[in-house]
Every structure is written in structure tokens, then in C-alpha cells.
Amino acid sequence: MIVRFWFVFLAVAGMRVIELRLAKRNEQYVKALGAWEFGARHYPLIVLMHVGFFLSLAVEALRKGARPSRRWPLLFPLFLVVQGLRVWTIGSLGRFWNTKILIVPNGQVVKKGPYRWLRHPNYVVVALEIALLPLLFQAPITALVFSLLNAFLLSIRIAVEERALAALTDYREAFRERPRFLPRLRGEAAIRKMRQAESSGQMKNSP
């Protein structure tokens, strides 16, 4: 049982190390393009929260013998789907993906991949992972406490990020119809059709 825990724990931790190295490389790239950094004051708190999450997970899970949850057959496939969404998100942003808020003035936001449906798929991934990973190994306290901490820090980060994107890029217009976290049932084609109808004056007011 404990072997399974350490395999998953070290695999996820190893992915985070790789992502930090990728973020550092991407940071150098976008700063060479003239990117501005925002949210530097709260960024250390986010790093501290994630480090604390892994420590808390290890302590709580190991104290209980690191036994997998009875819901493992349901939770683990969902966890793998979340990891796939993470890879898709990072790949869609390419050299512009980062753990920091780095924005190139007068740039255009990425609209492909999961960004076709959501403004912040990366934050959805983080929130789901913080909830799912502890629940895989019966660590509900870690799941609850760090989900709340993450929600608080993201409320600060997203406000800073969206203000900066709206001021320096085409974010406001490009993502005007896209929800932040949960995709709408109607597709992008329907949204485009509605926009065209609005611009041509074909939309009628409701009685």
C-alpha cells in the first residue's frame, strides 16, 4: 500500500519540479519579449501553500498507513484526466505558460486548447488536484484546508491577472463570452453566432 502512495506522490512532485524548470525557461523567453510581471508580492505565498500541501499530504497519509481510498477506482481515473488537462493546458500556452503572471504588452491571449471554453483551465486543474490527491489516500483534512487556502489565494491572483490582461492585451474582448472555470453547454460556434447576431442588430429584446 505504501509503495503505491510513494509512487504517486513522487511522480506528482517530480512533475512539479519539471514544471518549475520549464517556467524558468519560459520566463526568460517572455521577458526577452518585454513581458511585465504582476503579482510578485503574493507569488511567494502561492509557492509556500504548494510546499505546505505536499508536506501535509505526506504527514496525514503516512499517519494512516498511506492506504488507498475505497473510492480509488473512481478517483484515480479522474485524477489522471486532470493530469491530462494539465498537460493540454501547458502545451496550449507553449512558451507563454508560467507559474508567474508574465504578460507581454500589446500581445494576444491564447485561445486554443482548453482556452476555447475556459479562461482559467490551469486553475481548475490546480483546484481539482488539491482536492483529489489527498482523497486518493484518505487525507481529507489536507484536502479541505488546502482547498480553502488555494481558493483564497486564487481569488487574489485571478483579480490581479485579469486586470493586467485586460489592460495590456485583447483579453477582455477575446474572453468576454468565456466562463472562468466551468464550460458552458453550448459550443463556441453558438457563441460566435450570437456575437454576429448582436453586431448585426438581429437580436431582439425579450418581451
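Preceding this paragraph is the structure being described.
A. Local environment of the overall build of the chain. Scanning the chain from terminus to terminus reveals 7 helices and 2 strands. Order of helices (α) and strands (β) in the chain, N terminus to C terminus: α-β-α-α-β-α-α-α-α. Sorting the 207 residues of the chain into buried and exposed places 42% on the buried side. Expressed as a percentage of contacts within the chain between residues at least 6 apart in sequence, the contacts between residues at least 24 apart total 83%. In the form shown here, the chain has an accessible surface area of approximately 12,400 Å², with 65% of it arising from carbon and sulfur atoms.

B. Broad picture of the nonpolar core. Core analysis: the biggest nonpolar cluster contains 26 residues, and Phe5, Leu57, Leu133, Leu136 and Phe137 have the highest contact counts within it. Only helix H1 (2–32), helix H2 (43–63), helix H3 (72–93), helix H4 (121–136) and helix H5 (140–168) provide two or more residues apiece to this core. Take this core: its biggest share by element is 7 residues, from H2. The next biggest cluster of nonpolar side chains, apart from the first, holds 16 residues, and it includes Ala23, Ile103, Val160 and Leu165.

C. Region of interest: the packing of aromatic side chains. The full count for this structure, using the stated rule, is 13 aromatic pairs. For the pair Phe5 and Trp6, a centre-to-centre distance of 5.2 Å together with 65° between the ring planes defines the contact as edge-to-face. Look at Phe5 and you get buried, because its relative accessible area is 1%. Judged by centre distance (5.9 Å) and plane angle (70°), the ring pair of Phe53 and Phe146 falls under edge-to-face. Of this pair, Phe53 sits in helix H2 while Phe146 sits in helix H5, and the two are 93 residues apart along the sequence. Each member of the pair Phe53 and Phe146 is classed as buried. One aromatic cluster in this structure is built from Phe5, Trp6, Phe9, Phe53, Phe54, Trp72, Phe76, Phe79, Phe137 and Phe146.

Basis of the calculations
- Residues numbered from 1 in each chain as written.
- Predicted model: local features only at pLDDT ≥ 70, side-chain atom pairs only at ≥ 80, totals over all residues.
- Heavy atoms only, no water.
- Helix = DSSP H or I, 4+ residues; strand = E, 2+ residues; numbered from the N terminus.
- Buried < 20%, exposed > 50% of the residue type's maximum accessible area, 1.4 Å probe, protein only.
- Contact = heavy atoms within 4.5 Å.
- Areas by Shrake-Rupley, 256 points an atom, 1.4 Å probe, with all protein chains shown as cover.
- Core = buried A, V, L, I, M, F, W, Y, C linked by side-chain atoms within 4.5 Å.
- Phe/Tyr/Trp six-rings, centres within 6.5 Å; stacked < 30°, edge-to-face > 60°.

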